[in-house]
Amino acid sequence: MSEKGLAGLKVISFGTAIAGNVTAMTLAELGADVIKVEAPGRPDPLRVRIYPDLPRVVEPSGAETNIMFAGYSRSVRDVALDMKDPGDLDRFGRLLAVADVLVDNFATGVLDRWGLDAGRLRHLNPALVHVSVSGYGRTGPRAHHLAYGSNINAFLGLSRVWAPHGTQFDYTAVGHALIAVFAGLAHRDRTGGGVAVDLAQTEAGGALMAPLYLDYLVNGGAGWPGPNEVPGSPLSGVFACRGHDEWLAVELEDDEDWRLACALLGEPALAERWGEPAAVAGLRAAFASWCATRTPHQAMFAAQRAGLAAGAVHDSEDLYLDAQHRSRGFVVEVDHPDLGPLEYPAPIHRFGRTDVRVRRPSPRVGEHTAEVLRDWLGPHVAP
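Residues numbered from 1 in each chain as written. Predicted model: local features only at pLDDT ≥ 70, side-chain atom pairs only at ≥ 80, totals over all residues. Heavy atoms only, no water.

Q: Can you explain the pattern of salt bridges? Please cite residues and give values.
A: A complete count under the given rule lists 22 salt bridges for this structure. Linking Glu 29 and Arg 74 is a salt bridge whose minimum nitrogen-to-oxygen distance equals 2.5 Å. Of this pair, Glu 29 sits in helix H1 (residues 19–29) while Arg 74 sits in the loop between helix H2 (67–72) and strand E5 (77–80), and the two are 45 residues apart along the sequence. The class of Glu 29 is buried, set by a relative accessible area of 3%. Given the relative accessible area of 3%, Arg 74 is considered buried. Among the ionic pairs, Asp 338 bridges to Arg 364, the shortest N-O distance being 2.8 Å. (Salt bridge = Lys/Arg side-chain N within 4 Å of Asp/Glu carboxyl O. Helix = DSSP H or I, 4+ residues; strand = E, 2+ residues; numbered from the N terminus. Buried < 20%, exposed > 50% of the residue type's maximum accessible area, 1.4 Å probe, protein only.)

Q: Lay out the layout of surface pockets in plain terms, naming residues and giving numbers.
A: Space inside the largest pocket adds up to approximately 1,400 Å³. Looking at the largest pocket, it is lined by 50 residues, and the ones nearest its centre are Thr 16, Pro 45, Asn 105, Phe 106 and Ala 107. Where the lining of the largest pocket is concerned, the elements lending two or more residues are strand E2 (33–38), helix H4 (110–113), strand E7 (129–134) and helix H6 (149–156). Ranked by the residues each element gives to the lining of the largest pocket, the list is headed by E2, at three residues. A class-by-class count of the residues in the lining of the largest pocket yields 26 nonpolar, 15 polar and nine charged. (1 Å grid on protein atoms, 1.4 Å probe; cavity = no way out; pocket = protein on both sides within 12 Å on 5 of 7 lines; lining within 4 Å. Points joined across faces, edges and corners; volume = space filled by probe spheres on them. Nonpolar A, V, L, I, M, F, W, Y, C, P; charged D, E, K, R; others polar.)

Q: So what about the sheet that holds strand E8 (residues 195–200)? Which residues, and what values?
A: Taken in spatial order, the six strands make up an open sheet running E5-E2-E1-E6-E7-E8, and their pairing is parallel. Edge strands, defined here as strands with exactly one partner in the open sheet, are E5 and E8. Looking at each pair of strands side by side, their axes are set apart by 20 degrees on average, direction ignored. Across six bridges, the pairing between E7 and E8 is parallel. Counted as the bridge partner of His 130 is Ala 196 from E8. Strands strand E1 (10–14), E2, strand E6 (101–104) and E7 of the sheet are contacted by H1, whose axis makes an angle of about 155 degrees with E2. Those strands touched by helix H16 (residues 369–377) are E1, E2 and E5, and its axis lies near 100 degrees from that of E5. (Pairing = 2+ DSSP bridges. Axes fitted to C-alpha atoms, helices over the stretch in contact; angles between N-to-C directions. Contact = heavy atoms within 4.5 Å.)

Q: So what about helix H12 (residues 277–292)? Which residues, and what values?
A: Across its 16 residues, H12 extends 23 Å between first and last C-alpha, which sits within 8% of the 22 Å expected from 1.5 Å per residue. For H12, every residue scored as buried is listed here: Ala 279, Val 280, Leu 283, Ala 286, Phe 287, Trp 290 and Cys 291. End-on view of H12: buried residues confined to an arc of 125 degrees, all on one side of the axis. Those residues of H12 that are exposed and angled more than 90 degrees off the buried face are Pro 277 and Ala 278. The elements touched by buried residues of H12 are strand E9 (235–240), strand E10 (247–252), helix H11 (255–265) and helix H13 (296–305). (Expected span 1.5 Å × (residues − 1). Arc of directions from axis to C-beta.)

Shown next as structure tokens:
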């Protein structure tokens, strides 16, 4: 990456929901000129509120918007095109011809129905880097299955051992998609030819599931939920603290940590009994009693001062209020024209000289159509 980041890179995003939108947003905040293409009559479904207790907000275009969409789609520009309209399809073709990257995470077959199959895309732009994200991949017996976070988790076995937020592997797919974009651009710069990348969220997620799969492959284990214990640690766990649903996570690494914990908890008689089952049970009980009289942060600071790896188990509010995050500028305020000022996580990439930042709030549908057509195709192109 140059000192200017991705400045000058032109990216078209057909991204919807999370995986596609966050990939596009990250590229934009790294400096690329990213345009999000939406159908004026059928905008991104993520715009519709999913929490009924939140107010319904409608932008001037008539489309809904909400804090989730605003968080996942900021920094890009928005172009409204009806891909079933011949004129708009032609405009898209001309935009694609000057683009560097195309990102999509539509269901399999959508681009083909618009006449934008792989051959057509290569004809329009032989140097295009096209990253296509889907649930199960674009080939195989499940290629046409609809996929969302919860059923991808179930397919991979994660739901069996842990019931997480339903979009867990969307974010994993984003990381892999960005790597694919950069690798594709490097290939293009070396050879002059474009790249088509078929990225399945199930395969991206599977890459992180290796420890669970390995247990089955080696030991025949079924992968049932386990306790909050770290293999090889003389003592680890999550302990209830003072207050409702308040917890401290602790992991001792070796015999030195064991002795430090015994000193912290006032259990000198256990200091030389590292590894004995009765001593482990005794130290665990001492940790439980000690944590019960302290808040998670009181316990964390005391354990950290004693030289132990311990951390308060945060909820969302804790993360936004955390002094470490605030001091590093992790939380930024974005003033949205329809939603007002909102706080969001800042871009996580920190470079010495590259300008990485939130470029603009999430766009309204078609907000930048005329502007992008002028910028990319010249002043003579009518919106």
